[in-house]
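Understanding the architecture of this molecule
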Number of protein chains: 2
Amino acid sequence: MTSPAKFKKDKEIIAEYDTQVKEIRAQLTEQMKCLDQQCELRVQLLQDLQDFFRKKAEIEMDYSRNLEKLAERFLAKTCSTKDQQFKKDQNVLSPVNCWNLLLNQVKRESRDHTTLSDIYLNNIIPRFVQVSEDSGRLFKKSKEVGQQLQDDLMKVLNELYSVMKTYHMYNADSISAQSKLKEAEKQEEKQIGKSVKQEDRQTPRSPDSTANVRIEEKHVRRSSVKKIEKMKEKRQAKYTENKLKAIKARNEYLLALEATNASVFKYYIHDLSDLIDQCCDLGYHASLNRALRTFLSAELNLEQSKHEGLDAIENAVENLDATSDKQRLMEMYNNVFCPPMKFEFQPHMGDMASQLCAQQPVQSELLQRCQQLQSRLSTLKIENEEVKKTMEATLQTIQDIVTVEDFDVSDCFQYSNSMESVKSTVSETFMSKPSIAKRRANQQETEQFYFTVRECYGF
Amino acid sequence: MTSPAKFKKDKEIIAEYDTQVKEIRAQLTEQMKCLDQQCELRVQLLQDLQDFFRKKAEIEMDYSRNLEKLAERFLAKTCSTKDQQFKKDQNVLSPVNCWNLLLNQVKRESRDHTTLSDIYLNNIIPRFVQVSEDSGRLFKKSKEVGQQLQDDLMKVLNELYSVMKTYHMYNADSISAQSKLKEAEKQEEKQIGKSVKQEDRQTPRSPDSTANVRIEEKHVRRSSVKKIEKMKEKRQAKYTENKLKAIKARNEYLLALEATNASVFKYYIHDLSDLIDQCCDLGYHASLNRALRTFLSAELNLEQSKHEGLDAIENAVENLDATSDKQRLMEMYNNVFCPPMKFEFQPHMGDMASQLCAQQPVQSELLQRCQQLQSRLSTLKIENEEVKKTMEATLQTIQDIVTVEDFDVSDCFQYSNSMESVKSTVSETFMSKPSIAKRRANQQETEQFYFTVRECYGF
């Protein structure tokens, strides 16, 4: 036997194994805790989603009702007007058409937000309730499966422990049997050695006097040797038996070691992964996906509906047209705007001449008058051309002012990162711009000029 | 002179003209009333638009605040959690990412609706105020211009009246002068006829006795003829003068008639049209157009911003993935999920053999055991394949159930014309559908089967 310091003692090996198993057991507990935590988080998330959509459904319903009230307020006003036909007539005018479409749009949006609210309450929230139920049920089952897997793993570790202890026991027995056998062999050697010495010592004595003693001694010695041999044989058998047991125990230990490592590997690499799969999936992601896609579908349909309405308004805005409105107005009030009959010549007391008389003596006077008028006309024509040009230019200036494309508000929707800066940016947009004030002053000045020119020349 | 029944009397002509002028005057008044009415309607429309956008700004602000509160409620919850790091860790999980984007979207929409409200108040409403001011000012001026034009027209009509009356007067004078002249001519003829008769009668008398009488008579007759001739000449001159006056008056009347008809035509065809143009346009349509385009720009920018947010959510929903979440979870809790050290062979008391001993006498026993295990293994392999197939099919069934594309809610946004039918249509969408209940029952049954198979075969 070499020094005991060279091998680990049984106690040390057992203690090390215990530590290793304890660590694994702690890990298994942590794994279950981790899955529990994930499950809790999921339950919480699904609860939050339900609360979120319930509250948002309320907000959408509120918004929808406010929009409806807004539309009704103005539509009721239109309906309550005394002269229904009159209001109906006005609808052909392009600004009134825009206004009606604006009210329609509000009604449409009101309806769409009611639908949205309804989809939240009757489709999306029930989905989250289902996902919550499903994933709770699945988690419970998966946890049972996981517990079973962990129990199985612990069983394997316990088995390895007992197999290892059996190996230790049998190996100890084998070592002990071996040492006993070695002791017997030593005694045998000692006994054999004693016999040889005595025979050597007896050789110088007389043969007759020592013969009896020698036979007696020989008998004693022979029985002792036999006894030792018997013992040695017994110990040899015991050792052989124990040695075999120890080999078998070691084989069992080695096989259990392989099996345990394989089980540990299977648990950590496959089972744990499957477990998380079951906890995390089997519908959780897919059902969440469907619930959120329902939300997206609802939002995108709302968007499309709103966009259709805006397209209609845009179309009406493009058709804002003063000329056709004038035409419609004049057709509507035809009796007010139609020119009267021409004034006819009324002959006095059967006066037969209904034509201008241009003979002498009025001829020369008429001719003179005609020449005067022609000269006045050509002066006026020149003046007229000038004034017309001025007026057209002035009108164009006004048109340019009132048709400037200042309606793009994209900038207002480009926020900087800070939320605080939004308000100030937006409020600047229209009225407070110096250019607008200047433009308005310019517009009124030009307008004034237009009317002055008009008045002076009696157009 | 022919029968008076053949011509209209002066009074008749004047009455007819009066009627015609009265009708025109009434039309002119109606025209002003019509323009007044259009102006009132416009003022009302612009007032309605201002009220509408003021109220809508309130609604949008309200909606924005509610959305903000909703987002803050859940964001505050996230922030108040004890373990900040823990929460931060969870953000890598795909469902948590979806949830965060959902909250972001609500914040974004809140911000956008505040912007919308601000644009209504600080850009669109001021525009309507301006349009209202501009069109009120323009209308006032246009009305003045119109009044002037109508006054001018009435002046022309009054002139025609007086010219016509002058023609009547002069023509009457001319007729009267003509009849007086004719009377004088008749008298002259009568006088001449008388002289000839007397001379014829005097011829059979004695020449001396009748000579003095004849001379005296001749003297008287001659003076009478002269008187008549003188009167005739006077009347001829009067008639010629009056005739010329009448011709001139008729000429004036005919010219005034032309001028009046031209003025009436100009007023009804050009001036009225210009007047409506000025009232209706000079910026009204163009400014309304710009105000409504500002509204459209705001709405479309809001739509685009919302859509960007929805795109981000859609992307996150597409990335909902159980496998990568599992990976992230295992990385996050690496110490909990990492496999333990391999169990190593622990030799007992310096046992040198660390390999399976497969010599006699354990060899045959090991061989037998190996054969038994191999036979058991092949049985298990066949069984395993079967179970695996069943499980895979079952899992596929569950997957099919949980990934069915049932999230399109377009139908909910296709309304029939009646508003009443919306609610009932929408409420049917999800939970109350029999197919859904059936599918859920099927899902749970399949799930149960999956776990039973798993348990039986110890997977």
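What counts, and where the lines are drawn
The numbers attached to residues start from 1 for each chain and follow its sequence in the written order. Working convention: letters from A go to chains and numbers from 1 go to ligands, in the order in which they are written. Local features in this predicted model are restricted to residues of pLDDT 70 or higher, and side-chain atom pairs are both shown and tallied only at a pLDDT of 80 or more, whereas totals for entire chains, interfaces and linings draw on every residue. Processing note: side-chain calculations cover all non-hydrogen atoms of the structure and skip hydrogens and water entirely. Contacts are residue-level and defined by heavy atoms, with any inter-residue pair within 4.5 Å sufficient. Defined here as a combined quantity, buried area equals the accessible surface (1.4 Å probe) lost by two parts on assembly, summed across both. Here, a salt bridge means any side-chain nitrogen of Lys or Arg that lies within 4 Å of a carboxyl oxygen of Asp or Glu. We call two N or O atoms a polar contact when they sit within 3.5 Å, provided that within protein one can donate a hydrogen and the other can accept it, with sequence-adjacent residues counted only if both atoms are side-chain atoms. Each helix is a run of DSSP H or I of at least 4 residues and each strand a run of E of at least 2, with the numbering of both proceeding from the N terminus. Note on residue classes: Ala, Val, Leu, Ile, Met, Phe, Trp, Tyr, Cys and Pro are nonpolar, Asp, Glu, Lys and Arg are charged, and everything else, Gly too, is polar. What marks off one domain from the next here is an automatic or database domain assignment. Exposure categories follow from relative accessible area, calculated using a 1.4 Å probe and restricted to protein chains: below 20% of the type maximum is buried, above 50% is exposed, and the middle band is partly exposed. Arc, as used here, means the arc of the directions from the helix axis to the C-beta atoms. Superposition of the copies was done by least squares, using only C-alpha atoms of residues whose pLDDT is at least 70 in both. As used here, the term nonpolar core means buried Ala, Val, Leu, Ile, Met, Phe, Trp, Tyr and Cys residues forming a set that is joined through side-chain atoms within 4.5 Å.

This next bit is on the interface of chain A and chain B. Often, the extent of an interface is quoted as the loss of accessible area on bringing the components together. Facing 191 residues of chain A, the contacting portion of chain B comprises 191 residues. Overall, the association of chain A and chain B removes approximately 17900 Å² of surface from exposure, summing both partners, and the carbon and sulfur fraction of that is 64%. Of all residues in chain A, Phe343, His348 and Phe413 of chain A bury the most surface against chain B, accounting for 5% of the area lost on that side. Inspection of the chain A/chain B interface yields ten salt bridges. In this structure, the salt-bridge partner of Arg290 of chain B is Asp406 of chain A, at a minimum N-O distance of 2.9 Å. Here chain A is connected to chain B by 46 residue pairs in polar contact (both at pLDDT 80 or more). Here the side of chain A that touches chain B takes 34 residues from helix α3 (residues 94-202) of chain A, the largest share from any one element. Per-class residue counts for the side of chain A that touches chain B are 97 nonpolar, 44 polar and 50 charged.

Structurally, chain A comprises domain 1 (10-80 + 90-195 + 222-310) and domain 2 (381-403 + 429-458). Between the C-alpha centres of domain 1 of chain A and domain 2 of chain A there is a distance of 79 Å.

What follows covers helix α6 (residues 322-332) of chain B. Taken together, the buried positions of α6 of chain B are Ala322, Asp325, Lys326, Leu329 and Met330 of chain B. For α6 of chain B, the angular spread of buried residues about the axis comes to 135°, placing them on one side.

Quick look at the relation of the copies chain A and chain B now. A rotation about an axis combined with a shift along that same axis relates the two copies of the chain. Rotating chain A by 180° and translating it 0.1 Å along the rotation axis places it on chain B, where the RMSD comes to 0.5 Å. Interpreted geometrically, this transformation is the action of a two-fold axis. When each C-alpha of chain A is compared by its distance to the rotation axis, Tyr63 of chain A comes out closest, at 3.0 Å. Here 99% of the contact residues of chain A are again contact residues in chain B; the copies associate through an equivalent surface.

Moving on to the nonpolar core. Core analysis: the largest hydrophobic core is formed by 83 residues, its most contacted members being Phe53 of chain A together with Phe53 of chain B. Sorting the residues of this core by element identifies α1 (10-80), α3 and α5 (284-318) of chain A together with α1 (10-80), α3 (94-202) and α5 (284-318) of chain B as the ones contributing at least two each. Per-element accounting of this core gives the leading share, 13 residues, to α3 of chain B. Counting residues in hydrophobic clusters, the runner-up holds 46 residues, among them Tyr253, Leu257 and Ile276 of chain A together with Phe337 of chain B.

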